[in-house]
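# Fold and geometry: a report
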Amino acid sequence: PAGAQLLLQQALNLGHPLAGVWLAVLGQNEPQLGIDERALLPALRRTRPALLAAAEAGDERAAYTLGIACAEGLACLEDLPAAVRWFALATRAGFAPAALALGQAYEYGEGIPNDLRLAKANYDLAASLGESQAWLKLPQWAKNGIAGPANPEAMNQALRAAMALGEPDAWISQIVGELAAYETA
């Protein structure tokens, strides 16, 4: 994280429009780094026009980053409906993390009405694009019959796919599932 912080700070100093948002997100996820989001606000406001221009020109990473900024209230007031619009734009361009974020918005009704069918469709899309965290959602959904009948085989396939992508939580889920099966046998 400290190396990422240094690289993001350098990119921000050079005026890179994505760097400020991701530096703030890093600060939220890694509080021990002591990143002061308030100190980033001038840079975030300064780079926002370039970020908007890039997103509106079709840059899916910029659109996704704007979605994160709106969802987290960075460089703008928290605006969940706007976050969903940016995530949808990046998803249409085939950006896997945006499809995951859009699935979460539909699942939890954040900035958009709750719709489990559309949540699952976006998780499926994110998984098909290689997003390992989406693969972790799918086993839970298959096991519990959310947005469709319970399907243990689909659950196992999704776990194996997440494990193949190196998602550590998939390994834990697989081990816990095997332990539970052993205890009931």
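Preceding block: the structure.
In this report, the structure presented in the accompanying data block is examined. (Residues numbered from 1 in each chain as written. Predicted model: local features only at pLDDT ≥ 70, side-chain atom pairs only at ≥ 80, totals over all residues. Heavy atoms only, no water.)

## Focus on the overall build of the protein chain
Per the secondary structure count, the protein chain includes 10 helices and zero strands. When its helices and strands are written in sequence order, the protein chain yields α-α-α-α-α-α-α-α-α-α. Sorting the 185 residues of the protein chain into buried and exposed places 39% on the buried side. For the protein chain, long-range pairs separated by at least 24 residues make up 46% of all intrachain contacts whose partners lie at least 6 apart in sequence. Total accessible area computed for the protein chain in this model is approximately 10000 Å², and 57% of it derives from carbon and sulfur atoms. (Helix = DSSP H or I, 4+ residues; strand = E, 2+ residues; numbered from the N terminus. Buried < 20%, exposed > 50% of the residue type's maximum accessible area, 1.4 Å probe, protein only. Contact = heavy atoms within 4.5 Å. Areas by Shrake-Rupley, 256 points an atom, 1.4 Å probe, with all protein chains shown as cover.)

## Some remarks on the environment of Gly130
Position of Gly130 among the secondary structure elements: in the loop between helix 7 (116-128) and helix 8 (132-144). The sequence separation of Gly130 and Leu165 amounts to 35 residues, and the corresponding C-alpha distance is 7.8 Å.

## Considering a negative patch on the surface
Residues Glu72, Glu78, Asp79 and Glu110 make up a contiguous surface patch of negative charge. If you trace the backbone, Asp79 turns up in the loop between helix 4 (60-72) and helix 5 (80-92). (Patch = residues over 30% accessible without salt bridge, like charges linked within 9 Å, V, L, I, M, F, W, Y side chains within 5 Å. Salt bridge = Lys/Arg side-chain N within 4 Å of Asp/Glu carboxyl O. Lys, Arg positive; Asp, Glu negative; His and termini not counted. Charge placed at Lys NZ, Arg CZ, Asp CG, Glu CD.)

## Details of the packing of aromatic side chains
A full pass over the atoms with the stated rule returns two aromatic pairs. Pairing Tyr64 with Phe87 gives two aromatic rings, centres 5.7 Å apart and planes at 45°, and the pair type is tilted. Here Tyr64 is found in helix 4, whereas its partner Phe87 is found in helix 5, with 23 residues between them in sequence. You'll find Tyr64 and Phe87 in the same group, each marked buried. Centroid distance Tyr64 to Phe95: 5.4 Å. Interplanar angle 65°. Geometry classified as edge-to-face. In this pair, Tyr64 is assigned in helix 4 and Phe95 in the loop between helix 5 and helix 6 (96-108), connecting sequence segments 31 residues apart. The class for Tyr64 is buried, based on a relative accessible area of 14%. (Phe/Tyr/Trp six-rings, centres within 6.5 Å; stacked < 30°, edge-to-face > 60°.)

## Some details on the pattern of salt bridges
As enumerated under the stated definition, the model contains one salt bridge in all. Put simply, Asp124 and Lys120 hold a salt bridge, and the shortest N to O gap is 2.9 Å. Of the two residues, Asp124 and Lys120 both sit in helix 7, four residues apart, roughly one turn of that helix. Exposure remark for Asp124: the relative accessible area of 31% places this residue in the partly exposed category. For Lys120, a relative accessible area of 25% puts it in the partly exposed group.

Bear in mind that shape data such as this cannot, by itself, settle questions of function.
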